[in-house]
Structure formats: C-alpha cells, structure tokens
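Chain by chain, the residues run as shown.
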Amino acid sequence: MSRILNINELQEGMILANPITNNFGQVLLPAGIELTCNHFRILRTWNIFQVSIVTEGDNENIVLSKSQMDNAGKYILSKMKWRPRNGYEKDMFISSVIQRAKEEMIQE
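A.B. asks: Help me out: how do you make sense of unusual backbone geometry in this one?
C.D. replies: The bulk of non-glycine residues show a negative phi, and the bulk of peptide bonds are trans. The backbone of N47 shows a phi angle near 60°, a positive value even though the residue is not glycine. Structurally, the position occupied by N47 is in the loop between α1 (37–45) and β4 (50–54).

What follows is the structure, encoded as structure tokens:
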C-alpha cells in the first residue's frame, strides 16, 4: 500500500511508491528510490507538492520470476523510445521494471 504525503511531511529514508514523471511522461525520479533531503529540494524546484510513499506491508516480500521481469521490461520498452545510456539511467530503468513486475504480480 501507499499513501500520498505533502512534501513538507516527508522524511529522509521514505521510499517513493510511484515514479515522478514530467508532462511528457519522462521519469524524473523512479519508484522505489529512497528519498533524501536533496530530493525534497528537487521536488520543490519542479513544483511537485505531493508524492506517493510506500507504507509498511507493501510489496516488499513479493518474489519476481524471470518471466515476470522479462514481461515487465518488454512492456516498458514498448512504451518508450528512450533507452538507457549510462549506469544511472539503467538503474532508473531497472527500478521501473521491478515496479511494473510487482504490479503485474499483484494483478494475477
């Protein structure tokens, strides 16, 4: 589960439940990232005032199969023209794949 919090209520170490995207659908911060004070400053700069945060008992114990990860990766790539070019972008992409795979598993 997740809950929506105002950025003034955020604390370091909280986990982002959903990716933060811009108006073009580009991921600015991926789901699953552990928030820091620097992220709070960035969110204010982007005029983002609320985010969805992971709450206790969320999908942490879900075990993902290789086929679920592959399916999630294919789904995400089918929706994007962008491809990871460096380690940071690859980590962001992998976080998105994991989140999509978890969503897929919950729906089963």
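A.B. asks: It is not clear to me how the side chain of H39 should be interpreted in this structure. Could you clarify?
C.D. replies: With respect to the helices, strands and loops of the structure, H39 is situated in helix α1. Within the structure, the side chain of H39 is placed 2.9 Å from the backbone nitrogen of T36, a separation counted as a polar contact. The contacts of H39, once residues within four sequence positions are left out, are L29, I33 and E34.

A.B. asks: Where do I start with the environment of E12 in this structure?
C.D. replies: Its place among the elements puts E12 in the loop between β1 (2–6) and β2 (20–21). On the basis of relative accessible area, E12 is assigned to the exposed category, the value being 53%. Taking the C-alpha atoms as reference, E12 lies 4.8 Å from T36; in sequence the two are 24 residues apart. Excluding anything up to four places from it in sequence, E12 contacts L35, T36, C37 and F40.

A.B. asks: How should the side chain of S52 be read in this particular structure?
C.D. replies: Examined against the element boundaries, S52 turns out to sit in strand β4. At a separation of 3.2 Å, a polar atom in the side chain of S52 contacts the side chain of N18. In contact with S52, other than residues within four places in its own chain, are S2, R3, I4, I15, L16, A17 and N18.

Basis of the calculations
Residues numbered from 1 in each chain as written. Predicted model: local features only at pLDDT ≥ 70, side-chain atom pairs only at ≥ 80, totals over all residues. Heavy atoms only, no water. Helix = DSSP H or I, 4+ residues; strand = E, 2+ residues; numbered from the N terminus. Polar contact = N/O pair within 3.5 Å; in protein donor to acceptor, adjacent residues only side chain to side chain. Contact = heavy atoms within 4.5 Å. Buried < 20%, exposed > 50% of the residue type's maximum accessible area, 1.4 Å probe, protein only.

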